Amino acid sequence: MNLLISAGEASGDLHGARLLEALKRRRPDLTAFGMGGGRLVKAGLEPVVRSETLAVVGLFEVFEKLPALSRALAAMRKAARSRTPDAAVLIDFPDFNGILARGLRRNAVPIVYYVSPQVWAWRPGRARTIAKLARRIVTLFPFEAEIYGRLGADAVCAGHPLVDDVREGLEEQPPLPRRKKHRLALLPGSRVAEVRRHWQPMRDAADALSRRFDLEVVVVRAPGVPESWFPGAGDRGFSIVSSGRHAALASSDLAFVASGTATLEAALCGTPMIVVYKMSAASYAIGKRVVKLPWISLVNIVAGEEVVPELLQEQAHPARLEREAAALLGDPEAAARMRIRLARVSRELGPPGGSERAADAILEALEPPARRRSAR
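Caption draft 1: Representation of the sheet that holds strand 3 (residues 45-50) in the model. The strand order 3-2-1-4-5-6-7 describes an open sheet built from seven strands, whose pairing is parallel. A single partner strand is all that each edge strand has here, and the edge strands are strand 3 and strand 7 (155-157). Neighbour-to-neighbour, the strand axes of the sheet open up by a mean angle of 20 degrees, direction not taken into account. Alignment of strand 5 (residues 111-114) against strand 6 (residues 136-139), held across three bridges, turns out to be parallel.

If you want it as structure tokens, here you go:
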């Protein structure tokens, strides 16, 4: 089996890599080509497009990347025509993958969509489009499969692959020994626009907190993010770590986390957090009109209630961050209550083995019944 795989974000690269590894365990002769980052390439993807340069934040920021996105789409279309894949696995990145899917469908390439875009939060019309284009949709959350099921789609919930990723990460030794009473972790994001907007308020709030509490500060650097993106960290005595991110999170009393997949990682580590997110004023104004949920962080969305504070746009300033953090660092009972609620969120992500279940669901949708029986 020869698969086209398309993943355009850091989280998609991570989930795609685990999926490809699981697929290869079942079908050692399986080959894959397409778009992905370092993890997918390490897992065996032959790269047509490297995804690291395509990630964007916000609606208007997309315009800066349009030439690169257009070139990537052309390259993927050309590769699909010349290599005639048996099927395509499209991972999140909905606008790009939606356009790609239409061309694949015209060429009779079966499509499986893995990691649904957040159709439950905004632009719900995309759910209908995906339901029409995909032979099967493999979701991370049960409520997503229910949404697609109501639209008549073949949808299966496999559970979240982060459960395995974090479990494995927690087996590693913390990258730094504990030096002080409290530890604060900073996770400002994985994309340059995120880090530019989040780093300064996180840094300044952490600096102020370190003078009030017996506190050490650890900056958790996402893969591919250079240390130069964190000016002033060394001058303030902050440690920067890249390996052992989950162990570093689990050893922290509190984390400032940019909204995204990292909030679920912190929840699985049991780390109390304050979620931060800033985007351009224009993107935020449009987002407020189209997003239908009262929260932005996945932790609160999965819980269906506010488990962790969210500081957005002008709220994400150092004084407010310091105040919210001090309330948790100074009140162990409040932090303990948040940990209990985070544990409930973690259970909602499903048991271990999400990537394995996703691989089974994809092969079941793509292979003839006779082939599936003979492979068992």
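Caption draft 2: Examining the packing of aromatic side chains more closely. Within the structure shown, the criterion is met by four aromatic pairs. Here the aromatic rings of F141 and F143 are separated by 5.5 Å at their centres, their planes lie at 10 degrees, and the arrangement is stacked. Residue F141 is classed as buried on the basis of its relative accessible area of 5%. An angle of 65 degrees between the planes, with centres 5.2 Å apart, marks the rings of W199 and F230 as edge-to-face. One end of the pair, W199, is in helix 8 (residues 192-212); the other, F230, is in the loop between strand 9 (215-220) and strand 10 (239-241), and 31 residues separate them in sequence. Taking the ring centre of F33 as reference, the NZ or CZ of R83 above it sits at 5.0 Å.

Caption draft 3: Up close: the packing of helix 7 (residues 162-170) against helix 10 (residues 261-269). Look at helix 7 against helix 10: their axes get within 10 Å of each other, and the N-to-C directions meet at 55 degrees. Here helix 10 runs oblique to helix 7, going by the angle between their axes. When you trace helix 7 past helix 10, the crossing you get is right-handed. Across the interface between the two elements, L162, V163, D165, V166 and L170 of helix 7 pack against T261, L264, E265, L268 and C269 of helix 10. Taken together, the residues that form the contact of helix 7 with helix 10 break down as seven nonpolar, one polar and two charged.

Analysis parameters
- Residues numbered from 1 in each chain as written.
- Predicted model: local features only at pLDDT ≥ 70, side-chain atom pairs only at ≥ 80, totals over all residues.
- Heavy atoms only, no water.
- Pairing = 2+ DSSP bridges.
- Helix = DSSP H or I, 4+ residues; strand = E, 2+ residues; numbered from the N terminus.
- Axes fitted to C-alpha atoms, helices over the stretch in contact; angles between N-to-C directions.
- Phe/Tyr/Trp six-rings, centres within 6.5 Å; stacked < 30°, edge-to-face > 60°.
- Buried < 20%, exposed > 50% of the residue type's maximum accessible area, 1.4 Å probe, protein only.
- Lys NZ or Arg CZ within 6 Å of the ring centre and 35° of its normal.
- Parallel < 35°, antiparallel > 145°, perpendicular 65-115°, else oblique.
- Left-handed = near helix turned anticlockwise from the far one by under 90°.
- Contact = heavy atoms within 4.5 Å.
- Nonpolar A, V, L, I, M, F, W, Y, C, P; charged D, E, K, R; others polar.

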